[in-house]
Amino acid sequence: MKILINSNYNFYKKSLSVLLPSISEKNHNVEVVIGGSPWEYKKEEIDGVNYHFVNYDNIDYTSFIFVSEHPEVVRDEAFFLYIHDTTKMGESFFKRLSEKLEPHIKKYQTIG
């Protein structure tokens, strides 16, 4: 599952220092979209996480605008999880999410 994190250039270092360690399962692909940056577009990979710096900043919609401009980021994923950088995952979050999604993933795999 792809995890798409929405962030802001002025706060991303502080907020991601809490969120990223809480994503305990390392088998997820993480894409962080950071709005309000000084670059029109800049991509960096740090510790297996893709950071996409964009100059627009639309609060909740920055990541969705980014995905509409760069659909290849989520194209190969059946599902992606969109979250804000101000969240923190509990220890059993992904286990519970997987349990809830499993019937839908099986259905998607038989259709796709």
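Residues numbered from 1 in each chain as written. Predicted model: local features only at pLDDT ≥ 70, side-chain atom pairs only at ≥ 80, totals over all residues. Heavy atoms only, no water.

Draft legend 1. Region of the structure containing a nonpolar patch on the surface. Taken together, the side chains of Y61, F64 and F80 make up a nonpolar region of the molecular surface, amounting to roughly 310 Å² of accessible area. Relative to the helices and strands, F80 resides in strand β5 (residues 80-84). You can call F80 partly exposed: its relative accessible area is 34%. (Patch = residues over 30% accessible without salt bridge, like charges linked within 9 Å, V, L, I, M, F, W, Y side chains within 5 Å. Areas by Shrake-Rupley, 256 points an atom, 1.4 Å probe, with all protein chains shown as cover. Salt bridge = Lys/Arg side-chain N within 4 Å of Asp/Glu carboxyl O. Helix = DSSP H or I, 4+ residues; strand = E, 2+ residues; numbered from the N terminus. Buried < 20%, exposed > 50% of the residue type's maximum accessible area, 1.4 Å probe, protein only.)

Draft legend 2. View of the sheet that holds strand β2 (residues 29-35). With mixed pairing, the five strands of this open sheet are ordered in space as β3-β4-β2-β1-β5. Two strands close off the open sheet at either side, each with one partner strand: β3 (41-46) and β5. On average, each strand axis in the sheet is tilted by 20° relative to the strand beside it, whichever way the strands run. Two strands pair when backbone bridges link them, and strand β1 (residues 2-8) and β5 are joined in this way by five bridges, in the parallel orientation. Note on β5: the bridge partner recorded for N6 is H84. Sitting on the sheet, helix α1 (residues 12-22) touches β1, β2, β4 (49-54) and β5, and the angle it makes with β1 is about 150°. Relative to β1, helix α2 (residues 62-69) is tilted by about 125°, and along the sheet it contacts β1, β2, β3, β4 and β5. (Pairing = 2+ DSSP bridges. Axes fitted to C-alpha atoms, helices over the stretch in contact; angles between N-to-C directions. Contact = heavy atoms within 4.5 Å.)

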